[in-house]
Amino acid sequence: MSNISEIVQLSLQISTAATLIDLPFAILIGWLLARKSFPGKLLLDTLTNLPLVLPPVVTGYFLLVLFGRRGFLGSLLLQHFGISLSFTWQAAAIAAAVVSFPLCVRAIRVAIENVDPRLEEAARTLGCGRWRTFYRITLPLSANGVIAGVLLAFARCLGEFGATIMFAGNIPGETQTMPLAVFSLANQSGRESEIAVLLVIAVLFACGSLILSEILLRRWRKTGEFGHA
Amino acid sequence: MPEKKLQADFSLRRNAFQLHISTSVTPEFTALFGPSGCGKTMTLKCLSGILKPNSGFIRFADQILFSRETGIFIKPENREIGHVFQDSRLFPHLNIEENLRFGINSRRPERQRFDFAQVVQILGLERFLKRRPDSLSGGESQRVAIGRALLASPRLLLMDEPLAALDLPAKISILNILRQIHQEFSLPIIYVSHDIATVLNFATDVLLMQAGKIIAAGKPFEVLSGFFSSSLYAGDVLQNIVQVRLVSGDRAAGLCLVATKNVELVLPFFEGSPGEIFYLDIPASEIILAMQKPQGLSARNILPGRVSKIQHIGERVFIEVNAGFDLRVEVMEKTLEMMNLQPASRVFLIIKATAFRKVT
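For clarity, every value in this text was computed on a predicted model and none was experimentally measured. (Residues numbered from 1 in each chain as written. Chains lettered and ligands numbered in written order. Predicted model: local features only at pLDDT ≥ 70, side-chain atom pairs only at ≥ 80, totals over all residues. Heavy atoms only, no water.)

Visitor: I'd love a proper account of the overall build of chain B, names of residues and values included.
Guide: Helix and strand counts for chain B stand at eight helices and 21 strands. Against the compact-globule benchmark of 21 Å for 360 residues, chain B has a radius of gyration of 22 Å, which places it among compact chains. Across the 360 residues that make up chain B, the buried fraction comes to 54%. Once local pairs closer than 6 in sequence are excluded, the contacts in chain B between residues at least 24 apart make up 67%. Taken as a whole, chain B presents about 16,200 Å² of accessible surface, with 49% of it coming from carbon and sulfur. Side-chain charges in chain B split into 42 positive and 35 negative, and the spacing between the mean points of these groups amounts to 4 Å. (Helix = DSSP H or I, 4+ residues; strand = E, 2+ residues; numbered from the N terminus. Rg over C-alpha atoms; globule rule 2.2 N^0.38 Å. Buried < 20%, exposed > 50% of the residue type's maximum accessible area, 1.4 Å probe, protein only. Contact = heavy atoms within 4.5 Å. Areas by Shrake-Rupley, 256 points an atom, 1.4 Å probe, with all protein chains shown as cover. Lys, Arg positive; Asp, Glu negative; His and termini not counted. Charge placed at Lys NZ, Arg CZ, Asp CG, Glu CD.)

Below is the structure:
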């Protein structure tokens, strides 16, 4: 058992890494789902949302099967790069990223859907290619929604338990995040005060992220309105 | 100016609507005219590349923009065709100056066709630069949209009819600015309209559309004449729109003196400062023609002029008279015979002060 500040720091590190892994993929898939119609869209939508409804333990098990030392991708990584992911803090970050991914995509998708595509058309006629139009029009106009999604995903990562314990284990100082520490502490007697401290910190972080996310969403709805002036 | 010919023969199907455009024109200040729902907006979108036709080709100047056969489709960002939309589509997260500068390619200043300061000045946008788009009126937004399109250095400007909400004065002031831009920069402009008066008074030529097709092209009056005789426009009053400058006002006498480039007119009194520019609207049916200069009339405006053209449109007759500026006068067929009017005949136009309506 490591001390509380170490646990909190590790939790923040893993959640931040997980959110950063999520972001580019979430923007890409959010944009595809919001703007494009293509065969297999329903399948992509379903796959993206799968971690939301699957028990996280099952998600973690899949990750272990895929990235474990004898897993399909894991054995390749070990063979060619000498990398073993499972039971490292990176594994915890990947587990949290996968579980929080649907929340991130959802928020970004809605944010992009709310950007008037006619503004994008106008940008095209002004000489902006698809990509420039995306980062000069679509992204700034959906920015608050995107950040709100990121914060939501971050909050979800902080609370991640099931997939992490399957794929990354519960190793103090390496993969033991706040929820896992609470789980360990609860199995020991006389650690109630430490649990209480962790609980307070967890609730504060979660509330902070959610409140910030909500504020950004509201502001974004407001700025979204004058798109029809 | 090199020949900037637009050649197009393409079709596009949208649900039950079939657009088939076949034309070859050299756009100047060209109106695309037709009833609502005839496919004007769709046509513009095909030209600017927002919509891709199902078949055929589009060619402007020396560039093929679209060809089904050879699989060419130039993307909108590479067409150098400006498109001003019905709704002005200003970017809400940018202020007016940032909106205007949006299409300026700073990496290729040698290709910049219009100067920022000049565009801002022509469109009268100086005092809006730091404002947000949502604080502008419809007409102001439309002017910003035009400026933004110009600063992206187009070779051809497409302009969709501003929203119906835009009143006639705002429409006219925009058309007037566009005409000035067309003349000063030799920029070909195609603008969509379903307002006969503005087409007749502003366009150099017109493409007439009906049910997804261009059914006629040519000089506005010739092309539109068929329209006046059709039942849809049979009751329409033909308007003359004249730009004038206020010379002086006499509140006590209840009169104003205004001037076109070379003719003075008397109007009922209205507020305004001398030198101010505005538009008058005179229905063609409210002008009286006389062969000799009349005496002892109550009408305030008696203008000498010469008949330049006589148009028969169904049952109706319109006489175009140059009285220092062009005016169209509607007369009865009988009158024409009685007065023995011919092109170049000398006539006097009699207009009551109250026949003028101030548009702005």
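Visitor: Explain the packing of aromatic side chains to me, and be specific about the residues and the numbers.
Guide: All chains considered together, the criterion is met by nine aromatic pairs over all chains. On the numbers, 5.7 Å between centres and 65° between planes, the contact of W131(A) with Y135(A) is edge-to-face. Taken as a pair, W131(A) and Y135(A) lie in helix α7 (residues 130–158) at a separation of four residues, close to a single helical turn. A residue is classified by how much of its surface remains accessible, and W131(A), at 60% relative accessible area, is exposed. The class of Y135(A) is partly exposed, set by a relative accessible area of 39%. For the pair F91(B) and F102(B), a centre-to-centre distance of 4.6 Å together with 50° between the ring planes defines the contact as tilted. Of this pair, F91(B) sits in the loop between β7 (81–84) and α2 (96–101) while F102(B) is found in the loop between α2 and α3 (116–122), placing the two residues eleven residues apart along the sequence. F102(B) matches F91(B) in its accessibility class, with the two residues each being buried. Here the aromatic cluster, defined as three or more aromatic residues joined through ring pairs, consists of W31(A), W131(A), F134(A) and Y135(A). (Phe/Tyr/Trp six-rings, centres within 6.5 Å; stacked < 30°, edge-to-face > 60°.)

Visitor: So, the layout of surface pockets: which residues are in play, and what are the values?
Guide: Residue and element names in this part refer to chain B. For the largest pocket, the calculated volume is near 890 Å³. Lining the largest pocket are 33 residues, and of these R179, N201, I241, Q243 and K261 lie nearest its centre. Counting only elements with at least two residues in the lining of the largest pocket, the list comes to α5 (168–185), α6 (196–202), α7 (220–229), β12 (239–250), β15 (277–283) and β19 (326–331). Sorting elements by how many residues they give to the lining of the largest pocket places β12 first, with six residues. (1 Å grid on protein atoms, 1.4 Å probe; cavity = no way out; pocket = protein on both sides within 12 Å on 5 of 7 lines; lining within 4 Å. Points joined across faces, edges and corners; volume = space filled by probe spheres on them.)

Visitor: Can you break down the interface of chain A and chain B residue by residue, with the values?
Guide: Taken together, the 20 residues of chain A in the interface contact 23 residues of chain B. For the pair chain A and chain B, the summed buried area comes to about 1,900 Å², and 65% of that belongs to carbon and sulfur atoms. Where chain A touches chain B, the interface holds three salt bridges. Salt-bridge contacts for R124(A) lead to E77(B); the nearest nitrogen and oxygen are separated by 2.7 Å. Our count for the contact surface shared by chain A and chain B stands at six residue pairs in polar contact (both at pLDDT 80 or more). Taken together, the elements giving at least two residues each to the side of chain A that touches chain B come down to α6 (117–125) and α7 of chain A. Counting residues per element, the side of chain A that touches chain B draws most heavily on α6(A), at seven residues. A class-by-class count of the residues in the side of chain A that touches chain B yields ten nonpolar, four polar and six charged. (Buried area = accessible area lost by both parts, 1.4 Å probe. Salt bridge = Lys/Arg side-chain N within 4 Å of Asp/Glu carboxyl O. Polar contact = N/O pair within 3.5 Å; in protein donor to acceptor, adjacent residues only side chain to side chain. Nonpolar A, V, L, I, M, F, W, Y, C, P; charged D, E, K, R; others polar.)

Visitor: Report on α6(A), specifying residues and quantitative values.
Guide: Those residues of α6(A) that fall on the buried side of the exposure criterion are L119(A), E120(A), A122(A), A123(A), R124(A) and T125(A). Structurally, α6(A) contributes buried residues whose contacts are with α1 (4–35) and α7 of chain A together with α1 (40–48), β7 and α4 (138–151) of chain B. Phi turns positive, to about 95°, at G127(A), one or two residues after α6(A).

Visitor: Lay out empty space enclosed by the protein with the relevant residues and their values.
Guide: All names here are of chain B. Using the criterion set out here, one finds three cavities of 30 Å³ or more in the structure. Reported here for the largest cavity is a volume of approximately 100 Å³. What lines the largest cavity is a set of 13 residues, among which P162, K171, L175, Y191 and V192 lie closest to the centre. Taken together, the elements giving at least two residues each to the lining of the largest cavity come down to α5 and β9 (189–193). Element by element, the count of residues in the lining of the largest cavity is highest for α5, at four residues. In terms of residue class, the lining of the largest cavity is made up of seven nonpolar, two polar and four charged. Computed from the structure, the second largest cavity encloses a volume of approximately 60 Å³.

Visitor: I'd love a proper account of the state of the cysteines, names of residues and values included.
Guide: What the rule picks out here adds up to zero disulfides over all chains. Here C104(A) is not disulfide-linked; the sulfur of C157(A) is the nearest cysteine sulfur, at 8.6 Å. When its relative accessible area of 0% is taken as the criterion, C104(A) is described as buried. Counting only cysteine sulfurs, C46(B) is the nearest neighbor of C38(B), a cysteine outside any disulfide, at a range of 13 Å. (Disulfide = S-S within 2.5 Å.)

Visitor: Before we move on, can you summarise unusual backbone geometry with the specific residues and values?
Guide: Residue and element names in this part refer to chain B. A positive phi is found at N15, a non-glycine position, where the angle reads about 50°. Checked against the element boundaries, N15 lands in the loop between β1 (6–14) and β2 (17–25). For A344, which is not glycine, the phi torsion reads 85° and is therefore positive. Looking at where A344 falls in the secondary structure, it is placed in the loop between α8 (333–339) and β20 (346–351).

Visitor: Which residues make up the nonpolar core, and what are the values?
Guide: Residues and elements named next belong to chain B. Residues L100, I146, I181 and Y191 are the most contacted members of the largest nonpolar core, which totals 51 residues. At seven residues, the largest contribution of residues to this core is made by α5. Not counting the four nearest positions on each side in its chain, I146 is found in contact with V84, L123, M159, I174, L178 and I181. In this structure, L246, F325, V347 and I351 belong to the second largest nonpolar core, which totals 32 residues. (Core = buried A, V, L, I, M, F, W, Y, C linked by side-chain atoms within 4.5 Å.)

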